[in-house]
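A look at the structure
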Amino acid sequence: MASTIMEQRRFTRYRLQAGFTGVTAMTEDGRRIDGHAHDLCEGGVQIELDAPVRPQERLEVEIELPGASVARSPARVTWQDEESGRVGLRFESLEPSEHARICRWLGTATPVW
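Residues numbered from 1 in each chain as written. Predicted model: local features only at pLDDT ≥ 70, side-chain atom pairs only at ≥ 80, totals over all residues. Heavy atoms only, no water.

Re the overall build of the chain
Helix and strand counts for the chain stand at 2 helices and 7 strands. When the helices and strands of the chain are placed in sequence order, the string is α-β-β-β-β-β-β-β-α. Among the 113 residues that make up the chain, the fraction classed as buried is 37%. A sequence separation of at least 24 residues applies to 52% of the contacts in the chain between residues at least 6 apart. For the chain, the exposed area adds up to about 6,800 Å²; of that, 49% sits on carbon and sulfur atoms. (Helix = DSSP H or I, 4+ residues; strand = E, 2+ residues; numbered from the N terminus. Buried < 20%, exposed > 50% of the residue type's maximum accessible area, 1.4 Å probe, protein only. Contact = heavy atoms within 4.5 Å. Areas by Shrake-Rupley, 256 points an atom, 1.4 Å probe, with all protein chains shown as cover.)

Below, the structure written as structure tokens:
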């Protein structure tokens, strides 16, 4: 029996206010793309960007967490939904200070799943 997406997830997801949680992504070729985040977990983030990115592309992302804190991390595109324009990113080489910043914010949020 195939496992569901919910069973495959390693981390609990936390919803962000999409219109108010800004994201900036720097692509490998130096493009800066703005957007916003939909949900966040310790391992990654679901975002919507103003321009397309390539499958498996590596990005440098900055996420404006509620409360004026900014988390920065290299991340890899893991999935894309062309219909909604949403993109899933997995954090890579997350610095301990950035991991702690994300975990502090997650500790104040209500989980989605």
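Once the structure has been displayed, the description carries forward.
Here we look at the pattern of salt bridges
Throughout the structure, instances matching the rule amount to 10 salt bridges. R54 is the partner of E57 in a salt bridge, and the nearest nitrogen-oxygen pair spans 3.6 Å. A relative accessible area of 44% places R54 in the partly exposed class. (Salt bridge = Lys/Arg side-chain N within 4 Å of Asp/Glu carboxyl O.)

Some remarks on helix 2 (residues 96-106)
For helix 2, the complete set of buried residues consists of E98, I102, W105 and L106. One face of helix 2 carries all of its buried residues, which in axial projection span an arc of 105°. Facing away from the buried side of helix 2, by more than 90 degrees, are the exposed residues P96 and R104. (Arc of directions from axis to C-beta.)

Some thoughts on unusual backbone geometry
Positive phi outside glycine occurs at Q56, with the angle close to 65°. As for its placement among the helices and strands, Q56 is situated in the loop between strand 4 (44-49) and strand 5 (58-65). If you check the backbone angles, S93 has positive phi at about 50° while not being a glycine. With respect to the secondary-structure elements, S93 resides in the loop between strand 7 (86-91) and helix 2.

Quick notes on the pairing of strand 2 (residues 22-26)
Along strand 2, 4 of the 5 residues are buried, which leaves the element largely enclosed by surrounding structure. Here 5 bridges tie strand 2 to strand 3 (residues 32-41), and the two strands are oriented antiparallel to one another. Looking at the pairing, G22 lines up with H36 of strand 3. Joining the antiparallel neighbours strand 2 and strand 3 is a turn of 5 residues, in which G30 adopts a positive phi near 90°. Across 4 bridges, the pairing between strand 2 and strand 5 is antiparallel. Paired with M26 across the two strands is E60, which belongs to strand 5. (Pairing = 2+ DSSP bridges.)

Description of the pairing of strand 5
The alternating pattern of strand 5 places L59, V61, I63 and L65 on a buried face and R58, E60, E62 and E64 on a face that is not buried. One ladder, built from 8 bridges, connects strand 5 with strand 6 (residues 69-81); its direction is antiparallel. Looking at strand 6, one finds that R58 is bridged to R76.

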